[in-house]
Amino acid sequence: MRVRLVFAIALLCASTGLGIAALKIARLGLPLSASAIATVWEVEARVAFEGTGKAARIALGLPQSPRGFTVLDESFVSRGFGLTVQAAPETPRQAIWTQRRASGGQALYYHLKVLPKSETPRKPGAPPAVPPTPEFTEPLALAVAALVAGARHGAADQNGFVSALIARIQRGSDDDARLVRRAIPDGDWPHFATRILASAGLASRVVWGLTLEGDFADRDLAPWLEVHTGERWTGFDPERGTAGWPSNFLVWTHDDPALIEASGVRRAQVAFSGTKTPTPQLAVPHRNPSRLDAALRALSLFDLPVRTQNVYRVLLMVPIGALVIVVMRMVVGIPTFGTFMPVLVALAFRETRLAWGVALFLIVVSLGLLIRVGFTRLRLLLVPRLASVLVIVIGLMLGVSLVSARIGFEPGLSIALFPMVILTMTIERMSIVWDERGGATAVEECAGSLLVAICGYFAMTEPHLGYLMFVFPELLLVALAACLLFGAYTGYRLSELLRFRDLARDPP
Amino acid sequence: MFGLWRALRRRGVLGLNARNRGAIMGHNPRRCYPLVDDKLKTKRLALAAGIAVPELYAVLETEHDLGTLHARLAERPQFVIKPAHGSGGSGVLVVDGREGSNYLTADGRAVAPGQIAYHASNILSGIYSLGGVPDRAMVEYRVHIARIFERVSHHGVPDIRLLVYRGMPAMAMLRLPTRRSAGKANLHQGAVGVGIDLATGVTRGGVWLNRGVGAHPDFGTPLAGIAIPDWSRLLELGARCYELTGLGYLGVDVVLDPERGPLLLELNARPGLAIQIANREGLERRLAAIDALAPLPGDVAARLALLPALIAA
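Model, not experiment: these values are computed from the prediction.

What counts and what doesn't
- Throughout, residues of each chain are indexed from 1 in the direction in which the sequence is written.
- Chains and ligands are labelled sequentially in the order written, the chains with letters from A and the ligands with numbers from 1.
- Restriction of local features to residues with pLDDT of at least 70 applies here, the model being predicted, together with a cutoff of 80 or more for giving and counting side-chain atom pairs; totals for whole chains, interfaces and linings are based on all residues.
- To obtain the side-chain values, all non-hydrogen atoms of the structure were used and water was disregarded.
- Under the scheme used here, helices are H or I runs from DSSP no shorter than 4 residues and strands are E runs no shorter than 2 residues, and both carry numbers assigned from the N terminus.
- Only protein chains enter the accessibility calculation, which uses a 1.4 Å probe; a residue is then buried when its area is under 20% of its type maximum, exposed when over 50%, and partly exposed in between.
- The criterion used for residue contact is that any of the two residues' heavy atoms lie within 4.5 Å.
- Using a 1.4 Å probe, accessible areas were evaluated by the Shrake-Rupley method; residue-level cover was limited to the displayed protein chains.
- One requirement defines pairing of two strands: DSSP has to find at least two bridges between them.
- Axis definition: a line fitted to C-alpha atoms, limited for helices to the stretch in contact. Angles are taken between N-to-C directions and run from 0 to 180 degrees.
- Residue-level confidence of the predictor, termed pLDDT, takes values from 0 up to 100.
- Once two parts are put together, the accessible area they lose, assessed with a 1.4 Å probe and summed over both, is termed the buried area.
- Only one rule defines a salt bridge in this text: a Lys or Arg side-chain nitrogen within 4 Å of an Asp or Glu carboxyl oxygen.
- As used in this structure description, the phrase polar contact means that two N or O atoms lie within 3.5 Å; if the pair is within protein, one of them must be able to donate a hydrogen and the other to accept it, and residues adjacent in sequence are counted only when both atoms belong to side chains.
- In the scheme used here, Gly and all other residues not listed as nonpolar or charged are polar, with Ala, Val, Leu, Ile, Met, Phe, Trp, Tyr, Cys and Pro taken as nonpolar and Asp, Glu, Lys and Arg as charged.
- Note on aromatic contacts: the rings of Phe and Tyr and the six-membered ring of Trp form a pair at centre separations within 6.5 Å, being stacked when their planes are under 30 degrees apart, edge-to-face when over 60 apart, and tilted otherwise.
- Note on geometry: a ring has a charge over it if NZ (lysine) or CZ (arginine) is within 6 Å of the ring centre and within 35 degrees of the ring normal.
- Each angle receives one of four descriptions, namely roughly parallel if under 35 degrees, roughly antiparallel if over 145, roughly perpendicular if within 65 to 115, and oblique otherwise.
- By definition, turning the near helix anticlockwise from the far helix through less than a right angle yields a left-handed crossing, and turning it clockwise yields a right-handed one.
- The arc in question is the one spanned by the directions pointing from the helix axis to the C-beta atoms.
- Excluding any residue in a salt bridge, patches collect residues exceeding 30% relative accessible area, merging like charges within 9 Å and nonpolar Val, Leu, Ile, Met, Phe, Trp and Tyr side chains within 5 Å.
- Put simply, buried Ala, Val, Leu, Ile, Met, Phe, Trp, Tyr and Cys residues joined by side-chain atoms within 4.5 Å make one nonpolar core.

Participant: Is there a simple way to think about the overall build of chain A in this case?
Facilitator: Scanning chain A from terminus to terminus reveals 17 helices and 13 strands. Split into buried and exposed, the 508 residues of chain A put 43% on the buried side. Counting only contacts in chain A whose residues sit at least 6 apart along the sequence, the fraction spanning at least 24 positions is 75%.

Participant: What exactly am I supposed to notice about the overall build of chain B here?
Facilitator: Summing up its helical and strand segments, chain B has twelve helices and 13 strands in all. Only carbon and sulfur atoms are counted for the fraction: they give 54% of the accessible area of chain B, which is about 12,500 Å².

Participant: Would you explain the sheet that holds strand 4 (residues 82-86) of chain A in this entry?
Facilitator: Residue and element names in this part refer to chain A. A sheet is described by the order of its strands in space; here four strands give the open sequence 4-5-2-12, paired in antiparallel fashion. In this open sheet, the two edge strands, each paired with only one partner strand, are strand 4 and strand 12 (260-263). With strand direction ignored, the average angle separating the axes of adjacent strands in the sheet is 15 degrees. Summarising the sheet, strand 4 and strand 5 (residues 94-99) pair through five bridges and their orientation is antiparallel.

Participant: Just to check I follow, could you spell out the confidence of the model for chain B for this structure?
Facilitator: For residues with low pLDDT, the predicted coordinates do not support detailed interpretation. Overall, the prediction assigns chain B a mean pLDDT of 89, with 99% of residues at 70 or greater. Two summary scores accompany this predicted model of the complex, namely pTM at 0.65 and ipTM at 0.82.

Participant: I keep staring at the interface of chain A and chain B and nothing clicks. Help me out?
Facilitator: Interface size is commonly expressed as the accessible area that is lost once the parts come together. Each partner contributes residues to the interface: chain A has 34 residues there, and chain B has 36 residues. Interface area for chain A against chain B, summed over the two sides, is near 3,300 Å², with a carbon-plus-sulfur share of 58%. Counting the contacts that link chain A with chain B gives one salt bridge. For the interface between chain A and chain B, the tally reads ten residue pairs in polar contact (both at pLDDT 80 or more). Mapped onto the side of chain A that touches chain B, the elements with two or more residues apiece are helix 1 (2-28), helix 11 (382-406), helix 13 (420-460), helix 16 (494-499) and helix 17 (501-505) of chain A. Among the elements that take part in the side of chain A that touches chain B, helix 17 of chain A stands out by supplying five residues, more than any other. Partitioned by chemical class, the residues of the side of chain A that touches chain B number 17 nonpolar, four polar and 13 charged.

Participant: Would you mind showing me how to read the packing of aromatic side chains here?
Facilitator: Both the distance between ring centres and the angle between the ring planes are used here to describe each pair of aromatic rings. The tally for this structure, following the rule as stated, stands at eleven aromatic pairs over all chains. Between the aromatic rings of A:Phe349 and A:Phe418, the centroid separation amounts to 6.1 Å while the plane-to-plane angle is 70 degrees, which identifies the pairing as edge-to-face. With A:Phe349 in helix 9 (residues 341-352) and A:Phe418 in the loop between helix 12 (410-413) and helix 13, the pair connects residues that are 69 residues apart, well separated along the chain. Residue A:Phe349 shares its accessibility class with A:Phe418, and that shared class is buried. Taking 5.6 Å as the distance between ring centres and 85 degrees as the angle between the ring planes, the aromatic pair formed by B:Phe79 and B:Tyr103 counts as edge-to-face. With B:Phe79 in strand 2 (residues 79-83) and B:Tyr103 in strand 4 (residues 102-105), this residue pair connects regions lying 24 residues apart in the sequence. In terms of burial, B:Phe79 and B:Tyr103 fall into one category: buried. One residue, A:Arg67, lies across the ring of A:Trp245, its end atom 3.7 Å from the ring centre. B:Arg76 extends its terminal NZ or CZ atom over the ring of B:Tyr57, reaching a point 3.9 Å from the ring centre.

Participant: How should I be thinking about the pairing of strand 8 (residues 168-176) of chain B in this particular structure?
Facilitator: Note on strand geometry: in a regular strand, side chains alternate between the two faces of the sheet. All names here are of chain B. Of all nine residues that make up strand 8, nine are buried, and the element is covered over most of its length. Strand direction decides the pairing type here: strand 7 (residues 159-165) and strand 8, joined by seven bridges, are antiparallel. Across the sheet, residue Val-164 finds its bridge partner in strand 8, namely Pro-169. The antiparallel hairpin formed by strand 7 and strand 8 contains two residues in its connecting segment, where Arg-166 sits at a positive phi of about 55 degrees.

Participant: Got a minute to help me understand the sheet that holds strand 11 (residues 211-213) of chain B in this structure?
Facilitator: Each strand in a sheet pairs with another by means of backbone hydrogen bonds, the pair being arranged parallel or else antiparallel. Residue and element names in this part refer to chain B. Taken in spatial order, the seven strands line up as 11-10-9-8-7-12-13 in an open sheet, and their pairing is antiparallel. One side of each edge strand has no neighbouring strand; the edge strands of this open sheet are strand 11 and strand 13 (261-268). The mean angle between the axes of side-by-side strands here comes to 30 degrees, regardless of whether they run parallel or antiparallel. The sheet contact formed by strand 10 (residues 203-208) and strand 11 spans three bridges and is antiparallel. Residue pairing for strand 11: Val-207 is matched across the bridge by Gly-212. Taken strand by strand, helix 10 (residues 284-293) contacts strand 7, strand 8 and strand 12 (249-257), and its axis lies near 150 degrees from that of strand 8.

Participant: How should the packing of helix 9 of chain A against helix 10 (residues 354-378) of chain A be read in this particular structure?
Facilitator: For any two helices packed against each other, the geometry comes down to the angle between their axes and how far apart the axes lie. All names here are of chain A. Between helix 9 and helix 10, whose axes approach to 7 Å, the crossing angle comes to 125 degrees. Classed by the angle they form, the pair helix 9 and helix 10 counts as oblique. Crossing of helix 9 against helix 10: the hand is right-handed. Counting all contacts with helix 9, which are made through Met-341, Val-345, Phe-349 and Thr-352, the residues of helix 10 involved are Leu-354, Trp-356, Gly-357, Val-358 and Phe-361. Across the contact of helix 9 with helix 10, the residue classes tally to seven nonpolar, two polar and no charged.

Participant: So what exactly am I meant to see when it comes to the packing of helix 10 of chain A against helix 11 of chain A here?
Facilitator: All names here are of chain A. The N-to-C vectors of helix 10 and helix 11 enclose an angle of 140 degrees; their axes lie 10 Å apart at closest approach. One element, helix 10, and the other, helix 11, form an angle in the oblique class. Between helix 10 and helix 11 lies a crossing of right-handed hand. Residues Leu-360, Ile-363, Val-364, Leu-367, Gly-368, Ile-371, Arg-372 and Phe-375 of helix 10 touch helix 11, and the partners they reach there are Arg-385, Ser-388, Val-389, Ile-392, Val-393, Leu-396 and Val-400. Taken together, the residues of the contact of helix 10 with helix 11 break down into eleven nonpolar, two polar and two charged.

Participant: Sorry if this is basic, but what is going on with the pattern of salt bridges here?
Facilitator: It is possible for side chains bearing opposite charge to pair when their charged atoms get close. Residue and element names in this part refer to chain B. Applying the stated criterion across every chain yields a total of 24 salt bridges over all chains. Between Glu-140 and Lys-82 there is a salt bridge, with the nearest N and O atoms lying 3.1 Å from each other. Of this pair, Glu-140 sits in strand 6 (residues 137-140) while Lys-82 sits in strand 2, and the two are 58 residues apart along the sequence. It is possible to trace a salt-bridge network through shared partners that takes in Asp-159, Arg-161, Arg-175 and Asp-253.

Participant: Before we go on, may I ask you to explain helix 6 (residues 291-298) of chain A in this structure?
Facilitator: At 3.6 residues per turn, the α-helix brings residues three or four places apart onto the same side. Residue and element names in this part refer to chain A. Asp-293, Leu-296 and Arg-297 are the residues of helix 6 that are buried. The buried side chains of helix 6 occupy one side of the element, clustering within an arc of 100 degrees when seen end-on. Exposed residues on helix 6 whose side chains face more than 90 degrees from its buried face are Arg-291 and Ala-298.

Participant: Can you walk me through a nonpolar patch on the surface in this structure?
Facilitator: Among the surface-exposed residues, A:Ile363, A:Leu367, A:Leu370 and A:Ile371 lie close enough to one another that they form a single nonpolar patch of about 330 Å² accessible area. Relative to the assigned elements, A:Leu367 resides in helix 10.

Participant: Help me out: how do you make sense of the environment of A:Thr461 in this one?
Facilitator: Residues and elements named next belong to chain A. Looking at the element boundaries, Thr-461 is found in the loop between helix 13 and helix 14 (463-471). Overall, Thr-461 belongs to the partly exposed group, its relative accessible area being 27%. Note: C-alpha distance between Thr-461 and Val-314 (147 residues apart in sequence) is 9.3 Å. At a separation of 2.6 Å, a polar atom in the side chain of Thr-461 contacts the main-chain carbonyl oxygen of Tyr-457.

Participant: For this particular structure, what's the right way to read the environment of A:Phe500?
Facilitator: Of note, A:Phe500 is situated in the loop between helix 16 and helix 17. Judged by its relative accessible area of 1%, A:Phe500 falls in the buried class.

Participant: Sorry, what's going on with the confidence of the model for chain A here?
Facilitator: Of all residues in chain A, 91% have pLDDT values of 70 or greater, and the mean over the chain is 82. Looking at the elements of chain A, mean pLDDT is at its lowest for helix 12 of chain A, recorded as 74, and at its highest for helix 15 (residues 476-487) of chain A, recorded as 95.

Participant: When you look at the nonpolar core in this model, what are you seeing that I'm missing?
Facilitator: If you look at the biggest cluster of nonpolar residues, it comprises 73 residues, and the most contacted ones within it are B:Ile228, B:Trp231, B:Tyr249, B:Val252, B:Leu264 and B:Leu283. Excluding residues that lie within four positions of it along the chain, B:Ile228 makes contacts with B:Ile148, B:Phe149, B:Ile160, B:Leu174, B:Ile196, B:Gly201, B:Thr203, B:Leu234 and B:Leu256. Within the second largest apolar cluster, 55 residues are counted, among which are A:Met328, A:Leu396, A:Ala442 and A:Ala453.

Participant: Before we go on, may I ask you to explain unusual backbone geometry in this structure?
Facilitator: When glycine is set aside, most residues are seen to have a negative phi, and most peptide bonds are trans. The omega torsion of the bond from B:Ala294 to B:Pro295 falls at 0 degrees, within 30 degrees of zero and hence cis. In the Ramachandran plot, A:Arg267 falls in the positive-phi region, its phi being about 50 degrees despite a non-glycine side chain. The residue A:Arg267 is located in strand 13 (residues 265-280) in this model. The residue B:Arg280 is not glycine, and still its phi comes out positive at about 55 degrees. Position of B:Arg280 relative to the elements: it lies in the loop between helix 9 (274-279) and helix 10. For B:Arg280, a relative accessible area of 26% puts it in the partly exposed group.

See below:
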């Protein structure tokens, strides 16, 4: 019946909210905790060359959604060169700078900001074409075949085979290994390795990248071997043969085309430098590589102006405060003045800090109450009387602020942030309750309101909660689900256990 | 704490959350509320249905009406001023007589006519009404205390609260004013609630400030064993209020006037739960038993004929 419907809707809301949050964590790499500091790397490629006075064209290979990193931002410093970025889906990305007449020493820059992210296995792509079997001259061919056969013999799987093969060739002390080592042309072992792997029927390639650690300058790209072992590309240390990539290895380009292609200039060369900047994760903006990511991104607050963001930082905590009220009233059974008065007071406490907030609240309410008693004697009609109390409340706030400023008491100034209408209504309600049900009840309700406000303050200033609500505003749906569930709660309030305790004792 | 919880569950004690969601939301259509929230409407409705109510002397609707109040009440030494939309007995002023130009209230204070007018003005401005909306003040007959209650009531008239569920009396209690409640018969203001045996109309133990008591806190007189006169008429009056209002979970407050008999004082769409403590009994089972009888006969007499079996269950 109805309860089931409430449960169903609550479940739907909660799972939608949590689902979106989980997707955001998985796809956008948003962390669950604010304390996680993102290490953002700023990498710069500096292309230096000498112009020859002729038309110049410099093409620089660019990283394309590198494995293990999220690209946050990239920019170019082109200095009078025309720039086009080639980024067709199937071709490698390239920046192409052109100038009709380039002369003298010149430098062009490419800046890249990346954020390391936890590895998500990529979808297996279509396997690359099986490479043509290279033709080695004898006796090299025999040696390669022997090494391949030997490695295959001891290996459990493709990865093990590749590792064993590389290790045998690089470390082996037998004649075959020595023969192969001597045949490596010009120290270009990685490319030679791809040929040997091709002879074993495996597609492989050389990738060039940077190991990001510490700040570095004038570094070259380092080669790494990637072997397609049936499902996906796997990295292998070309020297040791161990599978995987170095940690924080930013793949810059694949082999083809070359990192830099220059025409019309002399001595073109690229040097890389990098710095590491710790950045709070929150400030990290994201590029949107896919439509899902873009949609998730649209559900985030990062793109709002900072001022609006700050407003929502507060507003998104109000449901938490409301939830505290719900629990305090429905489950604990604490009476409060007005339904959401404690939330608003708690919001004011955020600015004043708790102790001073409570003190200022009590000062204004008790002074206001005193003056309100005077108004009772004057027999003022309701609305003008409320207005008068409001004026008095503002006057009291101003007084506290002025006195605080005079004695240099900083927290006293923040009283201006108190919700004066709420204070007015509190004073009015309290004075009526006082008249009708006595001071004890009035003080009790006031204390109840204050207690709930304090609980609300702690919940609403909880930094972790604040972070979660801001980064995952879809958690509003979870708060909604909780409210719905409490709406269907028909159990006792804790205060009722006390109230009905005599009924529990009697024999049935 | 869990032991307490389980004990209350075992005894079928109804909590506020369960009352609000189950009884009130389930059986009280919102559109029927104005009939009971506005005591003037209730009064007219009851009169039309032939149910006796305290006589209405005057209705004050504007500040202008207050000026003539003193003159209009010249013939009435005793009266009650109350807000039409009041709740929980707030804003009720009982005047018992005159002392010179001053009025004497039920708790013995002398009050100037201006104060009476100020009180009425507060009522008009909505101070006692739900939501603070402007209200009307009613001036009506001051009910007197029935002889049988004289020993157990402090400066005020006890009333009888019938809890009527789906047209069937489910529980009843007698509410006795105390010194603490200043003559008022509302439990949260400090009145004593005394459980009444539905079958016989004889009182049992009581509740005061949410605790069970056996004797009146001011006089020490025993609370049990008082036989309410005209009990079956009272039950019938209460049951009829269901048809009157359409409210399935209804508090019917009746006073016994020594001259005029049972008078319907007011109806309550959100009757409280202290009646359970007064009767030493949880409401849940009784309500469930009534639910099991549904559909109940539309005829009041036929409905009440089911009551003995219900009580025995």
